[in-house]
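Structural features, examined
Here is how the chains run, residue by residue.
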Amino acid sequence: MPPDAGAPGPSALPVRLLDAVAERLEEGLVVVGADHRLRFANPAARVLLRLPDALEGRRLEDAVQDYRIPLMVTACLGGAGEVVRELDDPAAARHLVVRAVPVAETAAAAPVEVALLVRDETRLRRLETVRRDFVANVSHELRTPVTAIQLLVETLLGGALEDTSVAGEFVSKIGLETAHMAQMVAELIELSTIESGRLPLRPVPTPVQDLVAAAERLRPLADERHQELRHDVDPATPAILGDPSRLGQVVRNLVHNAIKYTPVGGVITLSARGRTQRGRELVELRVSDTGCGIAPEELGRVFERFYKTDRSRGRDGEGTGLGLAIARHTVEAHGGSIEVESTPGVGSVFIVRLPGAV
Ligand SMILES: Nc1ncnc2c1ncn2[C@@H]1O[C@H](COP(=O)(O)OP(=O)(O)O)[C@@H](O)[C@H]1O
Ligand SMILES: [Mg+2]
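Residues numbered from 1 in each chain as written. Chains lettered and ligands numbered in written order. Predicted model: local features only at pLDDT ≥ 70, side-chain atom pairs only at ≥ 80, totals over all residues. Heavy atoms only, no water.

With respect to the environment of Ala22
Relative to the helices and strands, Ala22 is located in helix α1 (residues 15–24). For the pair formed by Ala22 and Arg58, sequence separation is 36 residues and the distance between their alpha carbons is 20 Å. In this structure, Ala22 is in contact with Leu29, Phe40, Asn42 and Pro43, ignoring residues within four places of it in sequence. (Helix = DSSP H or I, 4+ residues; strand = E, 2+ residues; numbered from the N terminus. Contact = heavy atoms within 4.5 Å.)

Structure (structure tokens):
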């Protein structure tokens, strides 16, 4: 039987199957007639193209917001073949790829309908941006120490090696820059381990005092800066259900930041208490400081990878901006949350909520 003999050939799909597929398809599917009137739109297309509810007999240009879509259909009907366009929908913050496919009775005939296939690439786009930014950030952060090391080595080889009064100083500078790079590489590995979900967490009941002890390791640093490091732990605070070494790292990170971003003579306080939130026992840790603070417009961004505020960006060798990203991941992997409140010039408070071990 020739393929165009009327009855569907063995490869044609039954209509009810097509209906079922179109209904569940993640891609949007719209069928437009040669008269530009809408014949069909599946649920995904209604959402992605923000189509109005009543579509019967509507003209495409009255139903879609983006004027470029009807133009694609016109081109398609006019014999342009398949037309593909990437369309940004800023109002819905969506990035769409729309394909207009001509549908004709036979291969040689003029198209009588156009099928619009709409793919939502918003997530993919966002990931691409994140990845691009990430590579740019890593390269930028590595360039500074690498350039410094190169210069120091050249200076040493150019004669400074013989000059014992400066050689030692140059070598110790190389050591510092190398340590900075090593720290960054360690943080990157840590971050990628956490993000890939392969972080082995060993949650056990962890007394808050263990975390206080972790913060205590930074006391020499605070002393050096003539800062007061206080604890204020409610004795009734329940133990935390968490991985002691990971959480110790989070607390150390927050206290280290507080020390770094607080001027000489300031006060840093680590406090803890139990709380009940929606029937769950939580432990709330607060690390507060009397430091430079964070501007309101930057508050939402400090947990992003590599983000450093304007104030801290200029300082060399002062961290990579990964610490808070790691802290947030770790806390969230525990089912907890982390947030920050701050007043520029007055100080900041980082608030961590973790599940209690009760
Ligand atoms: N206690 C704080 N006070 C003021 N700014 C802070 C504080 N903690 C963090 N920040 C800001 O948030 C940024 C990100 O912190 P973090 O991820 O730990 O990076 P890093 O410490 O390596 O700079 C810091 O560069 C700094 O600008
Ligand atoms: Mg830090």
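Here's the deal with the nonpolar core
In terms of nonpolar packing, the biggest core is built from 34 residues, with Ile240, Leu254, Val255 and Leu285 touching the most fellow members. Listed by contribution, the elements that provide at least two residues to this core are α7 (208–216), α9 (244–260), β9 (267–277), β10 (280–289), α12 (323–333), β11 (337–343) and β12 (347–355). Sorting elements by how many residues they give to this core places α9 first, with seven residues. Judged by nonpolar contacts, the second largest core, of 25 residues, contains Val30, Val32, Val64 and Leu77. (Core = buried A, V, L, I, M, F, W, Y, C linked by side-chain atoms within 4.5 Å. Buried < 20%, exposed > 50% of the residue type's maximum accessible area, 1.4 Å probe, protein only.)

Focus on the pairing of strand β5 (residues 113–120)
Alignment of strand β1 (residues 28–33) against β5, held across six bridges, turns out to be antiparallel. Bridge pairing in β5 links Leu29 to Leu117. Bridging between strand β4 (residues 94–103) and β5 involves eight bridges; their strand directions are antiparallel. Its bridge partner lying in β5, Pro102 is registered against Val114. (Pairing = 2+ DSSP bridges.)

Observations concerning the pairing of β1
With respect to burial, β1 is a largely interior element, six of its six residues being buried. Burial along β1 is two-sided: Gly28, Val30 and Val32 and Leu29, Val31 and Gly33, pointing in opposite directions, are all buried. By the bridge criterion, three bridges tie β1 to strand β2 (residues 38–41) in an arrangement that is antiparallel. The partner of Val30 across the bridge, within β2, is Ala41. Connecting β1 to the antiparallel partner β2 that follows it, the hairpin turn spans four residues, and His36 within it adopts a positive phi of roughly 70 degrees.

Some remarks on a nonpolar patch on the surface
Together, Leu13, Leu17, Leu18, Val21 and Leu25 make up an exposed nonpolar region whose accessible area comes to about 400 Å². One can find Leu18 in helix α1. Owing to a relative accessible area of 43%, Leu18 belongs among the partly exposed residues under this scheme. (Patch = residues over 30% accessible without salt bridge, like charges linked within 9 Å, V, L, I, M, F, W, Y side chains within 5 Å. Areas by Shrake-Rupley, 256 points an atom, 1.4 Å probe, with all protein chains shown as cover. Salt bridge = Lys/Arg side-chain N within 4 Å of Asp/Glu carboxyl O.)

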